[in-house]
Amino acid sequence: METEATFPVTQTRNSRIHEVDFDHLEFGKYVSDHMLVCDYAKGGWEQAEIVPYGNLTMSPSTLALHYGQTVFEGMKAFRMADGRINIFRLERHYERFVRSLNRMCMAILPKEVFMEGLMQLVELDKAWVPTQPGSALYLRPFMYASESRFGVKVSDEYRYIVFTGPVPSLYVNPIKVKVETHYARAAKGGTGFAKCGGNYGGAFLPTKDARDHGYDQVLWTDSATNSFIEESGMMNVMFVINGVLVTPALSDSILGGITRESLLILATEMGLRSEERPVSVSELEKAFQAGTITEAFGAGTAAVVAPINTIHINGIDYSLQGYTPENILYKLKAKLDAIRAGTEADVHGWNYIIG
Ligand SMILES: *Cc1c(COP(=O)(O)O)cnc(C)c1O
């Protein structure tokens, strides 16, 4: 895709790129030189602009700080094997952003501001896209209610911002998860399918509790009966049971991950059977007892796959054998990585290539 300079740019005079130790990146530590900002007021979007990354000033009565109208996306731009850069599944992220904005009663960002804005911003800060295998430029588009006015109301003003930052390859050691039967992340009719800030805020305490008990993450169950698996931490969750890739079917309490969707498509292409359906806690328990479950993993942009080696169910820690590169989760990850690196054909048009 051609990128044209659609939006006006004010270039920084003091690039901070020399401060970055690209051999020792840490997730969330470095932010690239520029950000894109676009404001919504009086019923319309103003001109989007790219400006040097910097602090915001805001009124203490800014509505987002009180009533939580905030939505974000998390995606990555990759350095391909031939040196070009691509943003993975950009349009799909826009579609989800719109679903989240609708649920939070926020103004809808025009598609070209999202798509062209990200392409132009990454092009401008392309020196920040790391080259180390597995590393990437993390992209964080988000929007918040920027009107300053106290009193509960739907905001009439919004600010959309995108900033980016280089992140390392995230290799995750197998994690221990605990089936959560007290707290809920999301309820039927709630905001679970939207990528809104409050879903994260509400998950911190249950996650801290799980950590205090020696687990890395919570395996969320449905809020009504606590008997069906929903997600693993802030990732979708997948299992291999009887050789079949199984994942909970999407609902309004499960966030539709783009990694989840991509892995399901790749599984089919690899000749693997997959099922999207309710997965009950008791099915998992029985699968452990019968030895028919062979893999469990989280799926999300940050790590692609996060293997799970222990699942705590009703007072018992069930374990999975050590993972090897022969496991399905790593084969799926390898295929996804190859498409993003351009070493395998991108037959689905998932890569949005910059320059
Ligand atoms: C972002 C997110 C995911 C993963 O989505 P990807 O598009 O694959 O990164 C899964 N669950 C929750 C709750 C999330 O916020």
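Analysis parameters
- Residues numbered from 1 in each chain as written.
- Predicted model: local features only at pLDDT ≥ 70, side-chain atom pairs only at ≥ 80, totals over all residues.
- Heavy atoms only, no water.
- Helix = DSSP H or I, 4+ residues; strand = E, 2+ residues; numbered from the N terminus.
- Rg over C-alpha atoms; globule rule 2.2 N^0.38 Å.
- Buried < 20%, exposed > 50% of the residue type's maximum accessible area, 1.4 Å probe, protein only.
- Contact = heavy atoms within 4.5 Å.
- Areas by Shrake-Rupley, 256 points an atom, 1.4 Å probe, with all protein chains shown as cover.
- Lys, Arg positive; Asp, Glu negative; His and termini not counted.
- Charge placed at Lys NZ, Arg CZ, Asp CG, Glu CD.
- Salt bridge = Lys/Arg side-chain N within 4 Å of Asp/Glu carboxyl O.
- Domains from an automatic or database assignment.
- Buried area = accessible area lost by both parts, 1.4 Å probe.
- Polar contact = N/O pair within 3.5 Å; in protein donor to acceptor, adjacent residues only side chain to side chain.
- Nonpolar A, V, L, I, M, F, W, Y, C, P; charged D, E, K, R; others polar.
- Core = buried A, V, L, I, M, F, W, Y, C linked by side-chain atoms within 4.5 Å.
- Near = heavy atom within 4 Å.

Some points on the overall build of the chain
Thought 1: Broken down by element type, the chain carries 7 helices and 18 strands.
Thought 2: Scaling as 2.2 N^0.38, a compact globule of 355 residues should have a C-alpha radius of gyration of about 20 Å, and the chain matches this with 21 Å.
Thought 3: Counting across all 355 residues of the chain, residues that qualify as buried make up 52%.
Thought 4: Nonlocal contacts in the chain, meaning residues at least 24 apart in sequence, comprise 70% of its contacts between residues at least 6 apart.
Thought 5: Of the roughly 15,900 Å² that the chain leaves accessible, carbon and sulfur atoms contribute 52%.
Thought 6: In the chain, the 33 positive side-chain charges and the 41 negative ones have mean positions that sit 2 Å from each other.

Notes on the pattern of salt bridges
Thought 1: Inspection of the entire model under this criterion finds 23 salt bridges.
Thought 2: Taking the shortest distance from any N to any O, the salt bridge between R92 and E95 comes out at 2.4 Å. Highlighted residues: R92 and E95, both in helix α2 (residues 90-103), separated by 3 residues, approximately one helical turn.
Thought 3: Accessibility expressed as a relative area gives 30% for E95, which makes it partly exposed.
Thought 4: For R92, the salt bridge goes to E261, with nearest N and O atoms at 2.7 Å. On the criterion of sequence distance, the pair formed by R92 in helix α2 and E261 in helix α5 (residues 258-269) is long-range, its members being 169 residues apart.

Topic: the domain arrangement of the chain
Thought 1: Splitting the chain by domain gives domain 1 (2-167) and domain 2 (175-340).
Thought 2: Placing the centre of domain 1 and that of domain 2 at their C-alpha centroids yields a distance of 28 Å.
Thought 3: Taken over both partners, the interface formed by domain 1 and domain 2 buries close to 1,800 Å², and the fraction arising from carbon and sulfur atoms is 60%.
Thought 4: For domain 1, the biggest contributors to the area lost against domain 2 are F72, R96 and R103; these three give 34% of the whole.
Thought 5: Along the contact surface separating domain 1 from domain 2 lie 12 residue pairs in polar contact (both at pLDDT 80 or more).
Thought 6: Among the elements that make up the side of domain 1 that touches domain 2, the one with the highest residue count is α2 (6 residues).
Thought 7: Classifying every residue of the side of domain 1 that touches domain 2 gives 7 nonpolar, 5 polar and 7 charged.

A look at the nonpolar core
One recurring pattern in soluble globular proteins is that nonpolar side chains are buried together.
Thought 1: Ranked by size, the top nonpolar core spans 52 residues in total, and within it I87, L90, F114, L118, V122 and Y160 carry the most contacts.
Thought 2: At 7 residues, helix α3 (residues 111-124) tops the list of elements feeding residues into this core.
Thought 3: Excluding anything up to four places from it in sequence, Y160 contacts L36, V37, C38, W45, F97, L109, V113, F114, L118, P141, F142 and M143.
Thought 4: One finds I175, L320, Y330 and L332 within the second-largest nonpolar core, a separate group that totals 47 residues.

Focus: the site of the ligand
Thought 1: Taken together, 14 residues sit near the ligand, with K195, Y200, E231, T259 and T301 positioned nearest.
Thought 2: R96 is positioned with one of its side-chain polar atoms (N or O) 2.8 Å from an oxygen atom of the ligand.
Thought 3: A distance of 2.6 Å separates an oxygen atom of the ligand from a polar side-chain atom of T301.
Thought 4: Isolated, the ligand exposes 380 Å² of accessible area, and the fraction of that covered by the protein chains is 97%.

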